[in-house]
Amino acid sequence: MDEHLQTSFPQRRNTEPEFKDTALGLISTRSFPAIVGTADMMLKSAGVHLVGYEKIGSGYCSAIVRGRIADVRLAIETGVDTAKQFNQFVSSLVIARPLPNLEYVLPIGSRLSQLAASGGHSRLSNKAIGLLETRGFPAMVGAADAMLKAGDVYFASYEIIGAGLCTAIIRGSVADVAVALEAGMYEAERIGELNAVMVIPRPLDELEQTLPLASCWIEKVKPLQLPINVKQTEKEVVKLPELKQLSVDALPLDNQTSDSSMESWD
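Residues numbered from 1 in each chain as written. Predicted model: local features only at pLDDT ≥ 70, side-chain atom pairs only at ≥ 80, totals over all residues. Heavy atoms only, no water.

## Observations concerning the sheet that holds strand E7 (residues 154-162)
An order of E7-E8-E6-E9 is seen for the 4 strands of this open sheet, with the pairing classed as antiparallel. Because the sheet does not close on itself, it has two edges, and the strands there are E7 and strand E9 (193-200). Across this sheet, the average inter-strand angle for adjacent strands is 20°, counted without regard to direction. Strand direction decides the pairing type here: strand E6 (residues 128-135) and strand E8 (residues 165-172), joined by 8 bridges, are antiparallel. Directly across from Leu 132, in E8, lies its bridge partner Ala 168. Against the sheet, helix H7 (residues 174-191) makes contact with E6, E8 and E9, and its axis sits at roughly 5° relative to E6, the strand it touches most. (Pairing = 2+ DSSP bridges. Helix = DSSP H or I, 4+ residues; strand = E, 2+ residues; numbered from the N terminus. Axes fitted to C-alpha atoms, helices over the stretch in contact; angles between N-to-C directions. Contact = heavy atoms within 4.5 Å.)

Right, here's the structure in full:
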């Protein structure tokens, strides 16, 4: 019976949540650019950490932050004001002391950004972020093409959150991102429907790590190239006989000649 119980139930993990005993804050919007802009303002307004995003479909996105209760409350207040300015606010929540059961079941116990950063370093780091959201995939693709042709920007990736909403994410200098977004807006409205636009001039590292990124922009760590012929073969050791065991006959010919010559001199 005991063996059956041990094999039937999963073993408890030994790893503790990274944000154990810290407050939990959530805020929800109806747009991906809006939730990214809201998360950016929360990170810059208080000492909180961005765990990641939760997308439940129909365009609803939630940003999850952790930190001290005072910092989380301040960050959520700032986030609510920001989301309302975008006219995309849905709801918000602050939990001072989440129970361990909540920690292990919901995606709030460990940082989701570490999974995104584990693949390598991004070549687009430390560049401004531009987000353009459309309703319809053709409008997003057309807007991305127009943005690439209008400014010196890079198409980093795209995000789909349901309800036909697609977001193109570009990276570049602040000026190039602004020019590219303007061209993308006109193209998106010509093809379909433009839903939201966002520019983040100086993104923090935590915000960058939670955004999707195409694999072509990730620099993999290359292994160290060593010379091929580094292993030397070990030479065979020959044991020499002891001097006491050497006989006169074993001496070299030169020595015998020298001895005979000495006898003739005598």
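There's plenty left to go through after this.
## A closer look at the sheet that holds strand E4 (residues 89-95)
By way of backbone hydrogen bonds, the strands of a sheet pair with one another, either parallel or antiparallel. Judged by pairing direction, the sheet is antiparallel, and its 4 strands sit side by side in the order E2-E3-E1-E4 without closing on themselves. The two strands at the open ends of the sheet, each matched to only one other strand, are strand E2 (49-57) and E4. When strand polarity is set aside, the average angle formed by the axes of neighbouring strands in this sheet is 15°.

## Focus: the packing of helix H2 (residues 32-45) against helix H3 (residues 69-85)
Closest axis-to-axis distance for the H2/H3 pair is 8 Å, and the angle between their directions is 145°. As for the relative orientation of H2 and H3, their crossing is right-handed in sense. Between H2 and H3, the contacting residues are Gly 37, Thr 38, Met 41, Met 42 and Ser 45 on the first element and Leu 74, Ala 75, Ile 76, Thr 78, Gly 79, Thr 82 and Ala 83 on the second. (Left-handed = near helix turned anticlockwise from the far one by under 90°.)

## Topic: the packing of aromatic side chains
Remark: the centre distance and the inter-plane angle together describe each pair of aromatic rings, the angle taken between the planes. Within the structure shown, the criterion is met by 2 aromatic pairs. Seen in terms of ring centroids, Phe 32 and Tyr 53 are 5.9 Å apart; in terms of plane orientation they differ by 70°. Their pairing is edge-to-face. A residue pair is termed long-range when its members are at least 10 positions apart, and Phe 32 in helix H2 and Tyr 53 in strand E2 qualify at 21 residues. For the residue pair Phe 32 and Tyr 53, the accessibility class agrees, reading buried in each case. Relative to Tyr 158, the ring of Phe 137 has its centre 5.8 Å away and its plane inclined at 65°; by these criteria the two rings are edge-to-face. Taken together, the residues span a long stretch of sequence, with Phe 137 in helix H6 (residues 137-150) and Tyr 158 in strand E7 at a distance of 21 residues. The class for Phe 137 is partly exposed, based on a relative accessible area of 40%. Since its relative accessible area comes to 40%, Tyr 158 is described here as partly exposed. Over the aromatic face of Phe 89 sits the side chain of Lys 84, whose NZ or CZ is 5.5 Å from the ring centroid. (Phe/Tyr/Trp six-rings, centres within 6.5 Å; stacked < 30°, edge-to-face > 60°. Buried < 20%, exposed > 50% of the residue type's maximum accessible area, 1.4 Å probe, protein only. Lys NZ or Arg CZ within 6 Å of the ring centre and 35° of its normal.)

## Let's talk about H3
One turn of an α-helix holds 3.6 residues; hence residues three or four places apart share an orientation. Between its terminal C-alpha atoms H3 stretches 24 Å, which fits the 24 Å expected from 17 residues at 1.5 Å a residue. Within H3, burial applies to Asp 71, Val 72, Ala 75, Ile 76, Thr 78, Gly 79, Val 80, Thr 82 and Ala 83. Positive phi appears at Asn 87, one or two residues downstream of H3, with a value of about 60°. (Expected span 1.5 Å × (residues − 1).)

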